[in-house]
Amino acid sequence: MASTGGRFLLAIGLLGIWSCPAAGEIPAQCGTGPATVEIADAVDGHSLRLTDGRVFRLVQIMAPLPIDNDPAAAALARTSLHEIAAGKSATLYLASDAPDRYGRLAAAAVLIEGKHWLEAALLERGMARVFPSGNDQCMTALLAYERKARDARRGIWSDPRFRIFQAEELEPLLAAS
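Computed from a predicted model, the values in this text were never measured in an experiment.

A count of helices and strands for the protein gives 5 helices and 8 strands. Helices and strands appear in the protein in the N-to-C order α-β-β-β-β-α-β-β-β-α-β-α-α. A burial count over the protein gives 43% of its 177 residues as buried. A sequence separation of at least 24 residues applies to 64% of the contacts in the protein between residues at least 6 apart. Accessible surface for the protein amounts to roughly 9100 Å². Of this, 58% is attributable to carbon and sulfur atoms.

Next up on the list: the pattern of salt bridges. This structure, assessed with the given rule, holds 8 salt bridges. In this structure, Asp 41 and Arg 49 form a salt bridge, with 3.5 Å as the shortest nitrogen-oxygen distance. The shortest N-O distance in the salt bridge between Glu 146 and Arg 150 comes to 3.3 Å. Of this pair, Glu 146 and Arg 150 both sit in helix α4 (residues 136-152), 4 residues apart, which is roughly one turn of the helix. One continuous salt-bridge network, built from bridges that share partners, spans Asp 70, Asp 159 and Arg 161.

Once that is clear, we can look at the environment of Gly 134. Along the polypeptide, Gly 134 turns up in the loop between β8 (129-130) and α4. Between the C-alpha atoms of Gly 134 and Cys 30, which are 104 residues apart in sequence, the distance is 9.8 Å.

A rise of 1.5 Å per residue sets the reference length of helix α2 (residues 71-85), with its 15 residues, at 21 Å; its end C-alpha atoms lie 21 Å apart and thus fit the reference within 8%. One or two steps after α2, the chain reaches Gly 87, where phi turns positive at roughly 80°.

Here is what the cut-offs are and how they apply
Residues numbered from 1 in each chain as written. Predicted model: local features only at pLDDT ≥ 70, side-chain atom pairs only at ≥ 80, totals over all residues. Heavy atoms only, no water. Helix = DSSP H or I, 4+ residues; strand = E, 2+ residues; numbered from the N terminus. Buried < 20%, exposed > 50% of the residue type's maximum accessible area, 1.4 Å probe, protein only. Contact = heavy atoms within 4.5 Å. Areas by Shrake-Rupley, 256 points an atom, 1.4 Å probe, with all protein chains shown as cover. Salt bridge = Lys/Arg side-chain N within 4 Å of Asp/Glu carboxyl O. Expected span 1.5 Å × (residues − 1).

Set out below in structure tokens:
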């Protein structure tokens, strides 16, 4: 298990080598829209607050959260999202026009300042996992970014607790519930 200090140093190192995926790489079928917004700050590792007070969740990814019993990983994911998006304009491609039960918008894809695909950037840093959806084209593109981070053991992928478990591995799977 990586220490909090080790995770911090890993994150700082990744900031130096990270390059955000370009806008041309965003699949057009990820969502509907677009809607132009201004981002105020990160709420957690996969939710952002807009300057008008609304909150949206990135529905194609799942970042570590406090409920995962790893406050350091959750804080690192939130910090990473904040560094990429806070104070910037963005284009949202919505997964749904209706807010979820917590009042959040469901963003299927976010383009930062017309250039960078936010979800791919988080996956590339190893700060999130792909969350399954029904959009095969979008999922295929996002899984490629996740695989690069996993293979390089970036971010959460450097911690064995976040590795992909096989279905036959019942003990760690049951321990995680």
